[in-house]
Amino acid sequence: MGRPTFCMVLLAVVSHSHGLETNPLYRSKRIQESAGSDPSECSSRTDQPQILPNSDLSVALRMPGVIPAESDTYLCMAFPVPTSQAAYVVDFMPQASMNTVHHMLLFGCKNPVSTNNYWDCGSSHGTCKDEASILYAWARNAPHTKLPKDVGFKVGRNSGVSYFVLQIHYGDVHAFQDHHRDCSGLTLRMTSKPQPFIAGIYLLISMDTVILPGKRVTNADVACDYASYPIYPFAYRTHTHRLGKVVSGYRIRNGEWSLIGRQSPQLPQAFYPTNHDVDVKYGDMLAARCMFTGEGRTEETYIGGTSDDEMCNFYIMYYMDSKHAIPYMSCMEPGPAKLFQHIPPDANIPIAVSPDHMNSMMHMGGHSSATGHKDSTSTSDSTSEAQLLNQDVHLEQNPAWPQNSLQLGQVSGLAIDSDSNLVIFHRGDHHWGPHSFDSQAVYQQRFSGPIQQSTILVVNADNGNILKASGRNMFYLPHGITTDRDNNYWVTDVALHQVLKVSSDGNDRTLLSLGEPFAAGSDHNHFCQPTDVAVDYQTGNIFVSDGYCNARILKFSADGKYLSEWGAGSSDRRKRIPFRIPHSLAFLPERNELCVADRENGRIQCFTAQTGEFVKEIKKEEFGGSVYAIAFLPVGGEDGLIFAVNGQSLYGHPPPPSGFAINYSTKDIVDTFIPKKREFQMPHDIAVSKNGSIFVGDAGSNTVFKFTAEKAHRSVKKAGIEVEELEQIETFIQTKVKPEKNMSKTAAVQKKPQHLQTQQDEKKKKVSNKEQTLLPVFISVLLLLPLVLLISIGVFFCWRKNHRREDVKMEPSSVGGILEKIRGKAVGSLNLGNFFASRKGYSRQGFDQLSTDGSDQERNEQESSESENEEYSALPSLPPPSS
């Protein structure tokens with residue numbers, strides 16, 4: 001096949017703007033498998049969408065257990081949009097591994113090639129019979145993509161998207177040597193709530209680049225004029241194959257190049273947040289460059305559809321006002337060489353990717369395998385630690401986590417093991433209520449025996465799937481948990497008054513026990529309702545917070561030998577306030593410090609781990625008098641973030657429970673976070689993974705929440721979409737429309753009128769004069785109203801006195817008519833709200849939406865459960881042992 005012909009075929013495969021017109025009798029050719037698909041191996045394509053709160057849908061789009069017959073196979077499958085109404089996709093969660101899938105695209109259209117089964121879409125059949133829009137793209141273990149608030153891809157009614165078409169490129173068929181069946185795909189979260197801004201994809205793609213063998217640098221350049229309504233890029237994605245070194249995208253305005261995004265295509269090909277707040281307007285240009293190297297190649301490399309060919313794609317994910325939504329645009333023009341003489345030099349500086357980085361990317365623990373066997377994929381939250389210190393980043397709940405219900409009891413403790421899995425410690429069918437202990441801290445329900453369920457669950461931090469379970473018939477009232485470098489569990493049980501070291505091999509072996517079972521005390525060999533454990537990985541020393549009826553921190557060696565203990569600290573020893581329930585611990589390895597959540601004092605205190613010397617205190621009004629749990633994430637050397645949750649204090653009326661991210665160095669709260677769909681009831685523990693994902697265990701709702709860092713996008717008011725500007729642009733575009741060949745589904749704009757600004761200035765003057773005229777009239781009417789009423793009353797009495805209609809100068813009906821006119825003028829037609837709303841430059845756009853956000857959150861109407869009374873009182877300290 002000639003190269004030009006091949007490029008035309010490739011264009012049909014990649015952009016999929018049109019499928020091949022086929023005979024009605026034609027049926028799409030199916031890939032013949034060696035055996036039929038086994039529905040038990042993966043989710044069936046007929047699975048019903050999961051209905052989430054607030055009329056949301058979670059929709060799984062998966063391949064039905066396929067085995068590609070050869071390398072570089074493209075398979076497609078269509079899924080109907082699961083609603084006849086308008087809906088909005090707000091979250092994309094990939095379920096795939098680069099070990100199996102080369103890349104994955106999601107299209108939207110009205111008429112897919114087939115609606116019955118999957119088909120080979122690498123041939124001329126394509127994906128859709130009509131025009132298709134790219135909604136999502138994934139490769140190289142990219143994490144999930146969540147859209148900003150108030151932004152969504154519109155599907156369903158009046159959107160042009162009745163079907164989703166999932167396309168998967170299977171690169172190397174050797175990945176299927178074990179004959180497993182692939183069910184890769186993605187999960188969409190959709191909402192029926194109208195979004196004020198509609199998302200879209202702008203794709204810059206090079207079609208005619210040739211990479212010469214042995215040549216160190218070959219550039220593929222793409223550039224097009226932009227001639228439509230304003231768009232606001234918020235994410236970008238790069239895509240090449242093996243030879244790509246760096247891909248950069250820019251907006252060009254008045255000769256100035258502004259970076260949209262720059263990334264190595266050898267890193268996870270995710271949608272990354274744009275580097276700057278860059279808007280794109282009529283008259284701008286969009287440009288991209290892919291830098292390739294031909295080193296190591298012995299023949300020319302062309303743009304093509306196989307893994308041995310190359311690609312140069314720069315995706316821009318944007319949003320725009322819903323009135324002018326354009327879901328997909330593309331640019332395939334190479335752009336003038338003179339233009340690219342001014343491209344910033346960074347576009348030709350490769351981004352180094354270390355072998356360690358590549359290796360870790362290939363083996364990141366992540367999504368559960370779509371094939372039914374354990375697989376290595378990426379984490380779904382690749383947020384860098386440093387990003388969490390960025391003021392433009394906000395922690396938001398991942399509402400689709402976990403994918404399946406965990407069936408938990410009261411969640412008392414959380415930890416992250418050395419494999420980056422989440423460890424959950426819960427109470428099964430046991431509850432801590434007001435009658436669980438007597439006044440001497442003696443457990444009153446010992447007769448019921450230990451918890452029979454698995455109290456320790458290890459789950460995949462990305463999807464929440466349970467990996468293993470243990471801890472049966474061992475515990476009575478679990479509380480805190482942490483792990484050591486060997487993944488052993490260190491746990492506390494407040495009913496047993498013990499600290500236990502438990503193996504993680506599933507055999508439920510107790511490796512070490514501290515304290516005497518069911519015996520409370522305050523000496524070196526006893527605890528009284530201990531709450532948490534922290535481990536120093538370097539020395540193996542452990543620290544115990546003790547607890548509800550003691551107010552101290554104890555330090556032990558790795559083999560359980562008592563070393564020291566201390567109480568609360570203060571910079572002024574004369575004002576030292578004892579602990580009131582030291583409830584949670586966090587070890588800071590870089591600083592060799594131990595921080596304590598002093599629950600009922602509403603503060604965090606930090607000490608040197610070596611001596612217990614007081615270092616600092618963090619106490620904020622936002623805590624509301626209580627701090628239940630803390631966790632630490634190192635960020636940038638010795639700096640870092642402390643994550644905390646508050647709760648219902650015993651000594652006051654705090655604000656609703658929330659999560660906090662606190663800069664350790666400055667002690668400033670840099671972010672607060674709460675769940676989206678339901679409130680915290682009793683957030684009891686918190687854990688943070690290495691990639692910055694936050695987990696909160698709630699003992700009141702028996703739930704674990706997951707939060708991830710998302711780029712905080714500008715509100716409607718801050719988005720640069722000023723009403724005055726929109727009115728000018730809309731007026732101009734609606735009267736000057738001309739289609740552009742490089743635009744898909746868009747109305748393009750002709751040259752801007754030279755006297756537009758003059759017309760706008762004259763319009764402003766007219767409006768100003770009108771306002772100046774209207775105000776005196778309004779005041780005059782108000783002043784004349786009492787006079788008219790007085791005259792009317794006098795006329796009426798005069799008429800009654802003389803009984804002569806002819807002597808009256810003005811009929812009452814006429815007076816009534818005048819009054820009605822005055823009332824209509826002063827009250828009816830001159831509404832102050834409408835008056836201001838009609839002025840140029842004022843609009844409620846966005847304000848109505850933003851003001852009702854709070855009412856959209858679900859409220860838990862249930863009565864307080866018994867679990868909410870857990871740990872409801874702090875017992876007095878036991879007397880010290882006699883010496």
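Rules and cut-offs
- Residues numbered from 1 in each chain as written.
- Predicted model: local features only at pLDDT ≥ 70, side-chain atom pairs only at ≥ 80, totals over all residues.
- Heavy atoms only, no water.
- Helix = DSSP H or I, 4+ residues; strand = E, 2+ residues; numbered from the N terminus.
- Buried < 20%, exposed > 50% of the residue type's maximum accessible area, 1.4 Å probe, protein only.
- Contact = heavy atoms within 4.5 Å.
- Areas by Shrake-Rupley, 256 points an atom, 1.4 Å probe, with all protein chains shown as cover.
- Polar contact = N/O pair within 3.5 Å; in protein donor to acceptor, adjacent residues only side chain to side chain.
- Pairing = 2+ DSSP bridges.
- Axes fitted to C-alpha atoms, helices over the stretch in contact; angles between N-to-C directions.
- Disulfide = S-S within 2.5 Å.
- Phe/Tyr/Trp six-rings, centres within 6.5 Å; stacked < 30°, edge-to-face > 60°.
- Lys NZ or Arg CZ within 6 Å of the ring centre and 35° of its normal.
- Salt bridge = Lys/Arg side-chain N within 4 Å of Asp/Glu carboxyl O.
- Core = buried A, V, L, I, M, F, W, Y, C linked by side-chain atoms within 4.5 Å.
- pLDDT = per-residue confidence, 0-100.

## Remarks on the overall build of the protein chain
Here is step 1: A tally of regular secondary structure across the protein chain gives eight helices and 46 strands.
Here is step 2: In the protein chain, which comprises 883 residues, the proportion classed as buried is 53%.
Here is step 3: Relative to all contacts within the protein chain whose residues are 6 or more apart in sequence, the contacts with residues 24 or more apart total 69%.
Here is step 4: Total accessible area computed for the protein chain in this model is approximately 39,600 Å², and 51% of it derives from carbon and sulfur atoms.

## Re the environment of R289
Here is step 1: By secondary structure assignment, the location of R289 is in strand β19 (residues 285-292).
Here is step 2: Given a relative accessible area of 7%, R289 falls into the buried group.
Here is step 3: On a C-alpha basis, the gap between R289 and C312 in space is 8.1 Å, while along the polypeptide they are 23 residues apart.
Here is step 4: Setting aside residues no more than four positions away along its own chain, R289 makes contact with N219, A220, D221, V246, V247, S248, F340, I343, A347 and N348.
Here is step 5: Among the polar contacts listed, one links the side chain of R289 to the side chain of D221, at a separation of 2.7 Å.

## Examining the environment of V66
Here is step 1: By the secondary structure assignment, V66 is in the loop between β2 (56-62) and β3 (73-80).
Here is step 2: On the basis of relative accessible area, V66 is assigned to the buried category, the value being 0%.
Here is step 3: Spatially, the C-alpha atom of V66 lies 9.9 Å from that of F176, the residues being 110 residues apart in sequence.

## Topic: the pairing of strand β43 (residues 669-673)
Here is step 1: The pairing of strand β42 (residues 659-663) with β43 spans four bridges and is antiparallel. Bridge pairing in β43 places I662 opposite I669.
Here is step 2: Connecting β42 to the antiparallel partner β43 that follows it, the hairpin turn spans five residues, and K667 within it adopts a positive phi of roughly 65 degrees.

## Section: the sheet that holds strand β41 (residues 640-645)
Here is step 1: If you walk across this open sheet you meet the four strands as β40-β41-β42-β43, and the pairing is antiparallel. One side of each edge strand has no neighbouring strand; the edge strands of this open sheet are β40 (629-634) and β43. Each neighbouring strand pair of the sheet contributes to a mean axis angle of 20 degrees, computed without reference to strand direction.
Here is step 2: Pairing of β40 with β41 involves six bridges; the strand directions are antiparallel. Each bridged residue has a counterpart across the sheet, and for A629 the counterpart in β41 is V645.

## Here we look at the state of the cysteines
Here is the idea: a disulfide is a covalent bond, and it sits between the sulfur atoms of two cysteines.
Here is step 1: In total, this model carries six disulfides according to the counting rule given.
Here is step 2: Each sulfur in the disulfide pair C76 and C121 lies 2.1 Å from the other. The disulfide joining C76 to C121 has a torsion of about 80 degrees about its S-S bond and is therefore right-handed. Residue C76 is found in strand β3, and its partner C121 is found in the loop between β6 (119-120) and β7 (133-139); the two are separated by 45 residues along the sequence.
Here is step 3: The buried category is assigned to C121, whose relative accessible area is 0%.

## Structural notes on the sheet that holds strand β17 (residues 256-263)
The strands making up a sheet associate through hydrogen bonds between their backbones, and the pairing can be parallel or antiparallel.
Here is step 1: If you trace the four strands from one edge of the open sheet to the other, you get β14-β19-β16-β17, paired in antiparallel fashion. Strands at the two margins of the open sheet, each flanked by one partner only, are β14 (218-225) and β17. Pairwise comparison of adjacent strand axes, ignoring direction, gives a mean angle of 20 degrees for this sheet.
Here is step 2: Two elements, strand β16 (residues 244-253) and β19, share eight bridges in a ladder whose sense is antiparallel. Bridged to G249 within β19 is A288.

## Quick look at the pairing of strand β26 (residues 456-459)
Here is step 1: By the alternation rule, side chains of β26 split into I456 and V458 and L457 and V459, which are all buried.
Here is step 2: In this structure, strand β25 (residues 422-426) lies alongside β26, joined through four bridges in antiparallel fashion. For I424, the partnering residue across the bridge sits in β26 and is L457.
Here is step 3: Note: β26 against strand β27 (residues 466-470), four bridges, orientation antiparallel. Bridge pairing in β27 places V459 opposite I466.
Here is step 4: Here β26 hands over to β27 after six residues, with G464 in that stretch at a positive phi of 85 degrees.

## Details of the packing of aromatic side chains
Here is step 1: The tally for this structure, following the rule as stated, stands at 31 aromatic pairs.
Here is step 2: Here F92 and F153 contribute two aromatic rings whose centre-to-centre distance is 5.7 Å and whose plane-to-plane angle is 80 degrees, an arrangement assigned as edge-to-face. Highlighted residues: F92 in strand β4 (residues 87-95) and F153 in strand β9 (residues 151-155), separated in sequence by 61 residues. Pair check on accessibility: F92 and F153 agree, each one buried.
Here is step 3: Ring pairing ties together the aromatic residues W432, F437, Y443, Y476, F518 and Y548, which thus form one cluster.
Here is step 4: Seen from the ring of F518, R446 lies directly overhead, with NZ or CZ sitting 3.9 Å from the centre.
Here is step 5: Above the face of the Y664 ring, K616 is positioned so that its terminal group lies 3.8 Å from the ring centre.

## Some words on the pattern of salt bridges
Here is step 1: Evaluation of the coordinates by the stated rule reveals 13 salt bridges.
Here is step 2: A salt bridge links D284 to R253; the shortest N-O distance between them is 2.8 Å. In this pair, D284 sits in the loop between β18 (272-273) and β19 while R253 sits in strand β16, placing the two residues 31 residues apart along the sequence.
Here is step 3: R253 sits in the partly exposed class, given a relative accessible area of 24%.
Here is step 4: Ionic pairing is found between E617 and R603, a salt bridge with its closest N-O pair at 3.4 Å. With E617 in strand β39 (residues 614-618) and R603 in strand β38 (residues 603-608), this residue pair connects regions lying 14 residues apart in the sequence.

## Some points on the nonpolar core
Here is step 1: Counting residues in hydrophobic clusters, the biggest one holds 94 residues, and the most contacted among them are F92, L106, F164, L188, M190 and Y202.
Here is step 2: With near-sequence residues (within four places) excluded, F92 lies in contact with L106, L135, Y136, H144, T145, L147, F153, L186, T187 and L188.

## Examining unusual backbone geometry
Here is step 1: For the bond running from W401 to P402, omega is -5 degrees, close enough to zero to count as cis.
Here is step 2: Mapping P402 onto the fold places it in the loop between β23 (393-397) and β24 (411-416).
Here is step 3: Cis geometry is found at the peptide bond from D546 to G547, where omega equals -5 degrees.
Here is step 4: Its place among the elements puts G547 in the loop between β33 (542-546) and β34 (552-556).
Here is step 5: Despite not being glycine, N254 shows a phi value in the positive range, around 55 degrees.
Here is step 6: The topology assignment puts N254 in the loop between β16 and β17.
Here is step 7: Given a relative accessible area of 80%, N254 falls into the exposed group.

## Thoughts on the confidence of the model for the protein chain
Here is step 1: This prediction gives the protein chain a mean pLDDT of 76; 68% of its residues lie at or above 70.
Here is step 2: Confidence drops under pLDDT 50 across residues 355-386; counting only partners more than four residues distant or on other chains, this segment forms 96 contacts.
Here is step 3: Across residues 872-883, confidence stays below pLDDT 50; counting only partners more than four residues off in sequence or on other chains, it has 26 contacts.

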